[in-house]
Structures are given as C-alpha cells and as structure tokens.
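Chain and residue survey
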Amino acid sequence: MHVPDGFLDAPTSIATGAVAATAVAVSLRRARRELDDKTAPLTGLVAAFVFAVQMLNFPVGAGTSGHLLGGALAAILVGPWTAVLCMTVVLLVQGLFFADGGITALGTNITLMGVVTVVVGWALFRLTLRFLPRRPASAAPAAFVAALVSVPVAALCFVGLYAVGGTADISLKAVFAAMVGWHVLIGLGEAAITALTVGSVIAVRPDLVHGARPLIAARELTVRKPRPLVTKGDRSA
Amino acid sequence: MASGHTHLLHLHGYSPVHRLPAHCKLVALVTFVLLVVATPRTAFWAFAGYAVLLLAVAAVARVPLGFLARRVVVETPVIVFAVLLPFIAQGPRVDVAGLALSQSGLWSAWNVLAKATLGVVGSILLAATTDQRDLLAGLQRLRLPNQLVQIATFMVRYLDVITGQLGRMRIARAARGFDPRGIRSWPVLARSAGTLFIRSYERGERVHLAMLSRGYAGALPVLSEERTPRAAWAAVAVLPLCALLLAVGAWWTA
C-alpha cells in the first residue's frame, strides 16, 4: 500500500500532505489528554511495535503475502490521537531510513495508512462495542470488525485519490477491483490478527488496552463463595 | 542491542558526505526528490542526469554500488506494479517484441519506475551516510514537533530490541515445527504479536524507570547548539542546484 514517488500528481500529493499535516497537528494537541508525559517512551514503543508487526507477513495465498497496516490495532491499544502520531512516525521513519514509500508521497501515505485506518478503525470499534455486552471479552470481536473494515476503506480512499490524480491511464474499474479485492483479503488477515492480539493482551494486561478502559471500569467486583470439593466418596453420602 | 547503536542501513565512514550536518542533508534530499518528481517524464536525459548526480554522491560518500543494489530490493512491489502497467493500461497499443502493450502504460511505467528509483536511492544514500541519532536530531533542528521527535527516537531505540525479540520468537516457533502456511497459522502469529506487545511494553517500563533514575526529564539532551556553518549549506546545495538546472532544462525542452 506504500505509495512511491511520482505515482500521484503534484496537486493531489500537496492536498493529501495538507490533510496529513492538519490531522497530525490536531492529534498533537489531543494526544496530550490521552497520555501523560511519562508515556512518550511507551508511545515510541507502540510505534516500534507497529513497525515490527508490519514486518510480520502473513500468507494470503498463491505465493503472495500481505502485511498488517496496524492502524486499527494502534488506535485500540493507545487511543486514536496517539495512534495517528505513532503511524505518522512509523511512515516517516520508513520513508527516510528504509526508502519504503516516497518522500513526496509521505502526505498521501500518512493520510491513507495513518489517518484513514485509525479513524475508521476507532469509530467502528466504539460503534461495535455499543452492541456488545460491556465486558472485556467484547473488545476482541469489536477489534475484528474495526480492522476488517479499516483496510478496504483505506484501499477505497486510495482508489479515490487515484481517480483524482493518478499518473497512469488505467481504467478505474481495474484499479478498484485490484485494490479493494486484495485489501478485503488483507483486511481479513488484519482483522484476525488484530482481534487475537487485542484478545491476548486483554487476557494478561487489560490495563494496556486503551480502547478497553470503559469495559474494565464497568466490571464489578464479585464475591464468589468457595464451592465444596466433590469427590467420589462424598457423592454417596 | 545486538547490533550496537547503529543500524545495518548505516554505513560507517568518514567521507565528506558523512560529515555534513544531518538537517542540511535532509533538506537537500527533499528538494532533490521534489525536483525529480516535478520533471516531465519525456525528458529522458534529465533522468539520466539525476542518476549521474546520485552516483556522484555515492562515489564521494564511498558507498559501494553493491550496497545500493542490495538495498534497492525494498522497491520490488513498485517494480512489479510497473511491469504490469503496460498490460493493464488503456489506450492505443504498440507492438513491442510481439506483445501488444499500451502506449500510455509504458509511459506510466517508466514514469513511476524512474521517479521512485531515484527517490529510493536518495533515501538509501541519506540513511547510509547519516547516523540515526543525528538524523533524529536533524529532524528536531528542522522544527519537527517535539512529541514526534521523541516518539521517533524511542521507536528507533526500541526497534532493534523488538525485532530481535520477534526473531527469537520466530526461531522458537520454527523449533517447535511451526511452518506458516495459510489461514490456520494466523492465530499462532497473532498470539505471537500479543506476546510481543506485552513483553516489549514491560521491557519499556523497565527502561523508562532506568532512564528516570539517570535523570531523564522528557527530552533528549541537545549535544550541539552552534549555528550550521555556511560551508555546509553550500556543500549540500550542490545536489539540488544541479537538479534544478536539469529540471529547468527539462521543462524548457518539454
């Protein structure tokens, strides 16, 4: 999904750059409320984690593999505003250090993979949680839905950008079919892995999942009486 | 960190390019790539000129061509896409070696391939000649918001730790006979991701406490405050200025 240099024309690149810059500026302000300042190292850690998880290729079939985008996952783990910052940093470092994604296409890449996936993922996560019982176990299915939809929507936005400022003369139908088709598959993988990751983190450290905070607050302390052990001999008595 | 405090993308050296301040090199690279992208695709000679410029930088920086070639592998998805373009694009067809290829598709393929390759080689040269810490300090000098610089700093700092952990987990999975094939392997990969997150987080907590105990107060120490020497700006300006001449020439003839 990384857009290279020269793929979209200049006005489109500048416009997406402006969108990305605005999103990052707003996120910088809002992220302060999400995290206190001692958590900057931990935010960097989440960015490194998303980076590493993007290396975790999973087989799609026919010899190809896709990688996670991680936007929905980051949003659920650290909250949407911080997630936008994390994704921005991941893409910036990928562009500058690893030559992955063009430097002039950085705005496009941040908009598609850093903003769209986070916004869609977070919105759907919150929406899905409304329909699920308020308990920590609900986070995993909600994460599944969020991640599943976030990837094809990002692909769809790419097709939209392509329609406006693509430099190659391919029929929109073909771009649409290829991008959205593949990304529905990748979205399935992303959804499975996001849900299982969120599930396994919640099982061990539920306090680390930002999106699950309301669920944990709703959990009540229950007193369970010890049940008398039933052994074979007791049953006859 | 197993690999010391530099990354494998960095090529240790003492060339003139290595010694230039990181923020100057960043500005030069971004200007260069902007000019390359703005060049009309019909000006073949201009792209040849850009390539010569980058090769000259590589020669001055003493970056071996083999190193560049190995790193260009990241571009593979773009190359695959570019190869497909002439087949799927619309428009009038031309006959190339018995295949009916789309004319505009061939142009687009050339356009994407040339511009993306020049951009990729430029970034590789920057990463090869600049220490990552210097690059981050350079971003700070270019007024990138402090929060972003901090996140990037910690990300780069932890990246080797996390990928090392990921590698050990992969070996451990393989040692137990795990062979990722198809959907059934996804739960295992996901559990790996979850475990990786918790382990990294708890490690980060320990690192953070250790940093606080050594006096960390929310920002990395600034090592040098002095003004950038004019000579440095003049030296980095050579690349974008040559590129500007080429770009103007290309627009003139287009």
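Preceding this section is the structure that the text describes.
These notes cover the structure that comes with them. (Residues numbered from 1 in each chain as written. Chains lettered and ligands numbered in written order. Predicted model: local features only at pLDDT ≥ 70, side-chain atom pairs only at ≥ 80, totals over all residues. Heavy atoms only, no water.)

1. Brief notes about the packing of aromatic side chains
All names here are of chain B. By the definition in use, this model includes nine aromatic pairs over all chains. Taking the centre distance of 5.0 Å and the plane angle of 45 degrees together, the rings of Phe-44 and Trp-110 count as tilted. Placement of Phe-44 in helix H3 (residues 44-60) and of Trp-110 in helix H6 (residues 103-129) is noted, with a sequence separation of 66 residues between them. According to the relative accessible area criterion, Phe-44 is partly exposed, its value standing at 45%. Between Phe-47 and Tyr-50 the ring centres are 5.9 Å apart and the planes differ by 75 degrees, which places this aromatic pair in the edge-to-face class. Note that Phe-47 and Tyr-50 are positioned in helix H3 at a spacing of three residues, about one turn of the helix. Residue Tyr-50 is classed as buried on the basis of its relative accessible area of 0%. (Phe/Tyr/Trp six-rings, centres within 6.5 Å; stacked < 30°, edge-to-face > 60°. Helix = DSSP H or I, 4+ residues; strand = E, 2+ residues; numbered from the N terminus. Buried < 20%, exposed > 50% of the residue type's maximum accessible area, 1.4 Å probe, protein only.)

2. Re the nonpolar core
Core analysis: the biggest nonpolar cluster contains 122 residues, and Phe49(A), Val93(A), Phe125(A), Phe32(B) and Tyr50(B) have the highest contact counts within it. Here this core takes 12 residues from helix H4 (residues 80-97) of chain A, the largest share from any one element. If we ignore the near neighbours within four places in the chain, the residues touching Phe32(B) are Tyr50(B), Leu53(B), Leu54(B), Leu239(B) and Ala243(B). (Core = buried A, V, L, I, M, F, W, Y, C linked by side-chain atoms within 4.5 Å. Contact = heavy atoms within 4.5 Å.)

3. A few points about a positive patch on the surface
Residue and element names in this part refer to chain B. Among the surface-exposed residues, Arg-168, Arg-199, Arg-203 and Arg-206 lie close enough to one another that they form a single positively charged patch. With three residues, the top contributor of residues to the positive patch is helix H9 (residues 186-213). When you line up the elements, Arg-199 lands in helix H9. (Patch = residues over 30% accessible without salt bridge, like charges linked within 9 Å, V, L, I, M, F, W, Y side chains within 5 Å. Areas by Shrake-Rupley, 256 points an atom, 1.4 Å probe, with all protein chains shown as cover. Salt bridge = Lys/Arg side-chain N within 4 Å of Asp/Glu carboxyl O. Lys, Arg positive; Asp, Glu negative; His and termini not counted. Charge placed at Lys NZ, Arg CZ, Asp CG, Glu CD.)

4. Describing the pattern of salt bridges
Evaluation of the coordinates by the stated rule reveals two salt bridges over all chains. For Arg205(A), the salt bridge is made with Asp207(A), and the minimal N-O distance between the two is 3.1 Å. Since its relative accessible area comes to 17%, Arg205(A) is described here as buried. The partner of Arg205(A) in a salt bridge is Glu202(B), and the shortest N-O contact between them spans 2.9 Å. Of this pair, Arg205(A) sits in the loop between helix H7 (172-204) and helix H8 (213-217) while Glu202(B) sits in helix H9, placing the two residues on different chains. Here Glu202(B) falls in the partly exposed class, since its relative accessible area comes to 29%.

Limitation: the analysis is restricted to geometry and does not speak to function.
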